Amino acid sequence: EMVKTAQSTLAGGGHVFIPSYPSGLLYDIIELLRTKLQTVQICCISPVAEYCLAYAGIVMEWLCSSRQEKVYIPSEPFGHQELKRRGQ
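Structure report, in brief. (Residues numbered from 1 in each chain as written. Predicted model: local features only at pLDDT ≥ 70, side-chain atom pairs only at ≥ 80, totals over all residues. Heavy atoms only, no water.)

1. Some remarks on the overall build of the chain
Move 1: Scanning the chain from terminus to terminus reveals five helices and zero strands.
Move 2: The 88 residues of the chain split such that 27% are buried.
Move 3: In the chain, the share of contacts with a sequence separation of at least 24, taken over all contacts with a separation of at least 6, comes to 56%.
Move 4: Split by element, the accessible area of the chain, about 6,300 Å² in all, is 58% carbon and sulfur. (Helix = DSSP H or I, 4+ residues; strand = E, 2+ residues; numbered from the N terminus. Buried < 20%, exposed > 50% of the residue type's maximum accessible area, 1.4 Å probe, protein only. Contact = heavy atoms within 4.5 Å. Areas by Shrake-Rupley, 256 points an atom, 1.4 Å probe, with all protein chains shown as cover.)

Rendered as structure tokens:
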């Protein structure tokens, strides 16, 4: 439902604001939007967002097993790391 609402808002030229703490839920929201809306720029507005997103890539014990496996291969466990590298 959230993705459908975001898609229709963006298609109409609007912007989407999703309030969230910089925690696990934020990572899931970014992953969902990244996979469903590939051309959308995502901004995290928080004084600690950059640190939380970076921390998520190095502290693996809290991740599900499929994300933990990505740590040991040349793949990033979260898509937000790729988005940041590409400037999105």
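Once the structure has been displayed, the description carries forward.
2. Topic: helix H2 (residues 24-36)
Move 1: The first and last C-alpha atoms of H2 sit 19 Å apart over 13 residues, in line with the 18 Å expected at 1.5 Å per residue.
Move 2: Taken as a whole, H2 has its buried residues at Leu26, Tyr27, Ile29, Ile30, Glu31 and Leu33. (Expected span 1.5 Å × (residues − 1).)

3. Structural notes on the environment of Cys44
Move 1: Mapped onto the elements of the fold, Cys44 is located in the loop between H2 and helix H3 (49-56).
Move 2: For Cys44, a relative accessible area of 29% translates into the label partly exposed.
Move 3: Remark: the alpha-carbon pair of Cys44 and Pro22, spanning 22 residues in sequence, is separated by 8.3 Å.
Move 4: Setting aside residues no more than four positions away along its own chain, Cys44 makes contact with Leu26, Ile30, Ala49 and Leu53.

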